[in-house]
Every structure is written in structure tokens, then in C-alpha cells.
Amino acid sequence: QVQLVESGGGLVQAGDSLRLSCAASGRPFSSLHMGWFRQASGKEREFVAAINWSGGTTYYADSVKGRFTISRDNAKNTVYLQMNSLKPEETAIYYCAGDVLRASTIGKISTQASNYDYWGQGTQVAVSP
């Protein structure tokens, strides 16, 4: 019922920036907490950043604090991830995910992929040294 479509990935050099977008459809966007995850080849999917339903609170993995910024525009049904000072080890497929608001999720911003209900197909980010 919920569709998430990522865009904005590409090939950049170390130190460059990218802005990823994720467009949602199928249900009210404000009924979802949103997160960004990434998965490098041969590794498990890892948490990057999350934002609550209103955009009032955010949370980041320690590895990206100070460099990445998550934001959302509920009027446009879109969540963004601004990535600055990219590193080669951050080459991965980046996924956006939606966490449905319910009793178990209200007041929480999850860092666990298993807690998210909907996923996009991902967008490739490649950072060359």
C-alpha cells in the first residue's frame, strides 16, 4: 500500500556531497516515521538516520553525525538525506524506509531495520578515493 522511491544517488569523489530524496505514496506521509539505511556489498544493512512523523526530532548514527542531515517535507511527501564530506567506505545502496505510527512506535525513532514496515528499492552511492 505504501510505495517509496529513492533518487539522487551517483558516483562522486571523496569529500563531495549528495542529496538523496525519497518520495512516498499510498497513505498519509505524516503517519510514518522515516529512516535511511545503507548496505554495502557483503555487509549487513546499517542505520544511517531517522526522523519522526512531524520532522521535530531526528537521530543519526555516530559515524555520520555532523556530516549528514535528514529532513522531510510532509506537504511534498518527501524525505531527504543531505550527505556531505562523503568517504569511500560509505559506498553502498541507500534505502529509505517507513515506520507506521502505532502504539509501539509513537514516541520512538527506531534504528533497527526490522522495525520498519516499508522499503524503497534503493539508490546507489559510489564514492571513489
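Reading guide: rules and limits
Throughout, residues of each chain are indexed from 1 in the direction in which the sequence is written. This being a predicted model, a pLDDT of at least 70 is required before a residue's local features are given, and a value of 80 or more before pairs of side-chain atoms are given or counted; all residues contribute to the totals for chains, interfaces and linings. Here the side-chain values reflect all heavy atoms present in the structure, with hydrogen atoms and water set aside. Only runs of H or I of at least four residues qualify as helices and only runs of E of at least two qualify as strands under DSSP, and these elements are numbered from the N terminus. Throughout, radius of gyration means the C-alpha value; the globule benchmark is 2.2 Å times the number of residues raised to the power 0.38. The term disulfide is used for any two cysteine sulfur atoms that are within 2.5 Å. Throughout this description, buried means an accessible area under 20% of the type-specific maximum (1.4 Å probe, protein chains only), exposed means over 50%, and partly exposed covers the range between. Here the nonpolar core consists of buried residues drawn from Ala, Val, Leu, Ile, Met, Phe, Trp, Tyr and Cys, with membership extended through side-chain atoms lying within 4.5 Å. Contact between two residues is taken to exist if any of their heavy atoms lie within 4.5 Å; hydrogens are not considered. Strand pairing is assigned whenever DSSP identifies at least 2 bridges connecting the two strands. Centre distance within 6.5 Å is the pairing criterion for rings of Phe, Tyr and Trp, where only the six-membered ring of Trp is used; planes under 30 degrees apart are then read as stacked, over 60 as edge-to-face, and the remainder as tilted. For a lysine, the NZ atom is tested; for an arginine, the CZ atom; a charge sits over a ring if that atom is within 6 Å of the ring centre and within 35 degrees of the ring normal. For helices, the fitted line uses only the C-alpha atoms of the stretch in contact; every axis is such a line through C-alpha atoms, and the angle between N-to-C directions lies from 0 to 180 degrees.

Undergrad: I'd love a proper account of the overall build of the protein, names of residues and values included.
TA: Helix and strand counts for the protein stand at zero helices and eleven strands. Secondary structure elements in the protein, listed N-terminal to C-terminal, are β-β-β-β-β-β-β-β-β-β-β. The C-alpha atoms of the protein give 14 Å as radius of gyration, which agrees with the globular expectation for 129 residues (14 Å, within 12%). Dimensions along the principal axes, computed over C-alpha positions, put the protein at roughly 45 × 25 × 25 Å.

Undergrad: Can you break down the state of the cysteines residue by residue, with the values?
TA: Applying the stated criterion across every chain yields a total of one disulfide. The disulfide that involves C22 links it to C96, with 1.9 Å between the sulfurs. Disulfide C22-C96: torsion about the S-S bond near 45 degrees, hence right-handed. Separated by 74 residues along the polypeptide, C22 in strand β3 (residues 18–25) and C96 in strand β9 (residues 92–100) bring together distant segments of the chain. There is no split in this pair, since C22 and C96 are both buried.

Undergrad: I'd like a description of the nonpolar core, backed by residues and values.
TA: Side chains of a nonpolar character, in soluble globular proteins, are inclined to be buried together. Counting residues in hydrophobic clusters, the biggest one holds 35 residues, and the most contacted among them are W36, L81, M83 and Y94. Sorting the residues of this core by element identifies β3, β4 (32–39), β5 (46–51), β7 (68–73), β8 (78–83), β9 and β11 (123–128) as the ones contributing at least two each. For Y94, the residues in contact, after removing those within four places along its chain, are E6, L20, W36, F37, R38, V48, L81, M83, G122, T123 and V125.

Undergrad: If you had to explain the pairing of β7 to someone new, which residues and values would you point to?
TA: A one-sided burial pattern is seen for β7, the buried positions being F68, I70 and R72 and the unburied ones T69, S71 and D73. Looking at chain direction, β7 and β8 are connected through six bridges and run antiparallel. Opposite T69, over in β8, you have Q82 as the bridge partner. Connecting β7 to the next strand, β8, in antiparallel fashion are four residues, including N77 with a positive phi near 55 degrees.

Undergrad: Any details on the packing of aromatic side chains? Residues and values, ideally.
TA: Taken as a whole and judged by the stated rule, the model has six aromatic pairs. Above the face of the Y80 ring, R19 is positioned so that its terminal group lies 4.1 Å from the ring centre. Geometry around W119 places R45 over its ring, the cationic atom sitting 4.7 Å from the centre.

Undergrad: Describe the sheet that holds β8, with residues and values.
TA: Read from one edge of the open sheet, four strands run β1-β3-β8-β7, paired in antiparallel fashion. In this open sheet, the two edge strands, each paired with only one partner strand, are β1 (3–7) and β7. Pairs of neighbouring strands in the sheet enclose a mean axial angle of 15 degrees, with direction left out of account.

Keep in mind that these numbers describe shape and distance, not what the molecule does.
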